[in-house]
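# Summary of structural features
Residue-level listing of the chains:
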Amino acid sequence: MILLSAATAVAGLILLAVTLTAGQLPVYLPAVTLALAAIVFVSRRIPRFLRVLIGTLALTHIILLALLIANALGAVPEGYRDYVPPASMPIGAMAFSALIYAVSFVPVIRTIMEIADRYFEAREPSEVRVPLLGRVGASEGAIGTAFLALLVAINLAQVALNVRLSFFSRDWFNALQAKDAAAFWYQLLWIFAPLAAVYVAVAIIEIWLQYVLRIRWRTFLNSIYVGEWLIDGVHYRMQLTGTEADNPDQRIAEDLRKYVDTTYTLSIGLLTQSATLVSFIAILWTLSRDLTLPGTDYPVPGLLVWFAILYAVVGTWLTHLIGKPLISLYFQQERYEADYRFALARLREYTEQVALLDGEKAEQQRLAHRFNGIVRNFMQIVNRQMKLTTFTASYFQANVVVPYVLAAPFYFAGKISLGQLQQTAGAFSRVEGALTFFISAYSTIADYKAVIDRLTTFEASIARAQKVAATEPRVRLVPGATDRLDLESTEVDLPDGRKLVRLDKLSFRPREATLLTGPSGSGKSTLFRAISGIWPFGNGEIRTPKEASMMLLPQRPYIPIGTLRGAVTYPGVEGRYSDEAIAEALRLARLPHLVGRLDEERFWPQTLSLGEQQRLAIARALLAQPDWLFLDEATAALDEPTEEAIYRMLREKLAGTTIVSIGHRSTLHAFHDRRIDMRPNDDGTFTAGEVRAPAPAQ
């Protein structure tokens, strides 16, 4: 930005010299250029997304100045001077740069840009396939920045084309009025046709650039949000601490998509409309600088400019007044829709249980209640949208005739020509349209604000869950220097701070099968979760075995949707284990009937019984071969003979694995070398006490 600022300042000094010598350029342009150089210099510390906009505007300003200087010095051939933009256009770059710099300090803009800059400042290496050039390598942030800069430049070029077409419209209609056929065809074939061809080509390039940018931007942010949500058990702690943002799936999938699309659309749209405003307001001012108030001889410089501003300001104020409630309504609608989708997905997961309990009517009632919330909120949106549309539709219908109504008296009085009338009406519409951008985009902005709120609350929820894991006091996992698993002076709490387990000293020895027993609610499963590292609530250190792998199988295992192969090898990636190894693990886990279905894609949590799911989890352990295996009632759904066979098989096939089990059945005692019982203390907490176990079954 410093180099660009210096280049802009040099351009301003050159322009000043040309203005003083040639005298064909407005005297204010050097000052405008130097002001832009100052804005570029001070914008070094604003968000990168906004810096890209300002930087592109500065480059565009320099290019426009080069054309104007070349024209003033007579370096532009006669036949091409009609393509030189008006001297008022460079003002747009400076004005919008100043606006961008000013809004960069608005808190909500800062929040929006912080999300955007996670992509545009990314340093991860990447590449992009460019037509005619092939693959180009760079950091992902640099690729996104280049795409954004090109898109800004294209939109500014489209504004310049529209300005030039405005002058074409004036000259073309003047040729019609004068019945000058030669001028009519010259304007059509040599001015309009080339400009239209360029406009179409630029539009095609813009489509490719913006869609590629959007999907890359969304892909990158999606990986960040999914990673932050899933890393180190954050998603789990968000539920435990009560800080979970509702429907994280919707926030990642839907809200991120809306954020990327709307951020691009609104930012580029605002830039284009601002450039349009500055460019056409100068044209409209020039056309109406000598007009008088209707019915009087009192001259008002730029009369139609003031009419356009007043018309747009009143319209914008009324639009905001009518549409303001939409912001909260859109936020609530997203929540109601997501809650309903989640309820349907959960019903699909538990269809068997619902059918067994004959709970269809209850589910219908619950679903109807949630859907009624959608309908009620939706109808409020409809009612509010009808009021807003009634006003905006009337407003935009009036826009078609208002500029002609305002300019027609001056045409009838002979103060302007037909071409000037047409150009005046077009310029008025452009100025008024730019000023009413807020009106046309109000519903989008309302929905966008809801999206931003959902993303920021999701980020805040993740941050709180991360803070819980790092806040002292907490249960800490520390790599130990021995092969034992040691807990000394360890307390395990509930999320609300209540003490649950107090342990003075507890050790699990390698290759010794241990059974953990005790009444429900005594903290057995919670202790396992603390050992696994996902439960930070409490105090003390858990020294894990040196360089040992650990695996915990819960009572209800997670079965991902997809192929059976992916379900068996989870959490390993598909392809890690051979089909022969997977088949053997399934047979050992007493699931031989599934061996031939590895490539079958089904909703396996619904297809398999709980007992089959537990045996599938056992197959996972056989494939993973962990050093330590924790079974949290992982065989509770099996009948006793099958459970006995599974434990015998584990002791044989995982001879080098230390097994620690939670269970209530007395039949489990025979398959463990040691038993530890959770016993209540006087203060309501539980502690571990060793019980002499019978010799393990052979």
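This one's a predicted model, so the numbers in the text were calculated from it and none came from an experiment. (Residues numbered from 1 in each chain as written. Predicted model: local features only at pLDDT ≥ 70, side-chain atom pairs only at ≥ 80, totals over all residues. Heavy atoms only, no water.)

### As for the side chain of Thr-33
Relative to the elements of secondary structure, Thr-33 occurs in helix H2 (residues 29-42). On the accessibility criterion, Thr-33 (0% relative accessible area) is buried. Looking at Thr-33, its side chain comes within polar contact range of the main-chain oxygen of Leu-29, at 2.9 Å. For Thr-33, the residues in contact, after removing those within four places along its chain, are Thr-8, Ala-11, Gly-12, Leu-15, His-61 and Leu-65. (Helix = DSSP H or I, 4+ residues; strand = E, 2+ residues; numbered from the N terminus. Buried < 20%, exposed > 50% of the residue type's maximum accessible area, 1.4 Å probe, protein only. Polar contact = N/O pair within 3.5 Å; in protein donor to acceptor, adjacent residues only side chain to side chain. Contact = heavy atoms within 4.5 Å.)

### Quick notes on the packing of helix H21 (residues 610-624) against helix H22 (residues 640-653)
The N-to-C vectors of H21 and H22 enclose an angle of 5 degrees; their axes lie 11 Å apart at closest approach. It follows that H21 is roughly parallel to H22 by the angle criterion. Mapping the contact onto sequence places Arg-615, Ile-618 and Leu-622 in H21 and Thr-642, Ile-646, Met-649, Leu-650 and Lys-653 in H22. Among the residues making up the contact of H21 with H22, the classes are represented as five nonpolar, one polar and two charged. (Axes fitted to C-alpha atoms, helices over the stretch in contact; angles between N-to-C directions. Parallel < 35°, antiparallel > 145°, perpendicular 65-115°, else oblique. Nonpolar A, V, L, I, M, F, W, Y, C, P; charged D, E, K, R; others polar.)

### Quick word on a nonpolar patch on the surface
A contiguous nonpolar patch, built from Leu-13, Leu-16, Leu-20 and Leu-34 and spanning about 390 Å² of accessible area, is present on the exposed surface. With three residues, helix H1 (residues 2-22) is the single largest residue contributor to the nonpolar patch. (Patch = residues over 30% accessible without salt bridge, like charges linked within 9 Å, V, L, I, M, F, W, Y side chains within 5 Å. Areas by Shrake-Rupley, 256 points an atom, 1.4 Å probe, with all protein chains shown as cover. Salt bridge = Lys/Arg side-chain N within 4 Å of Asp/Glu carboxyl O.)

### Comments concerning the packing of helix H3 (residues 48-72) against helix H5 (residues 107-120)
Look at H3 against H5: their axes get within 7 Å of each other, and the N-to-C directions meet at 85 degrees. For the element pair H3 / H5, the angle class is roughly perpendicular. Side by side, H3 and H5 meet where Arg-48, Phe-49 and Leu-50 of the first sit next to Ile-109, Met-113, Ala-116, Asp-117 and Phe-120 of the second. By residue class, the composition of the contact of H3 with H5 is six nonpolar, no polar and two charged.

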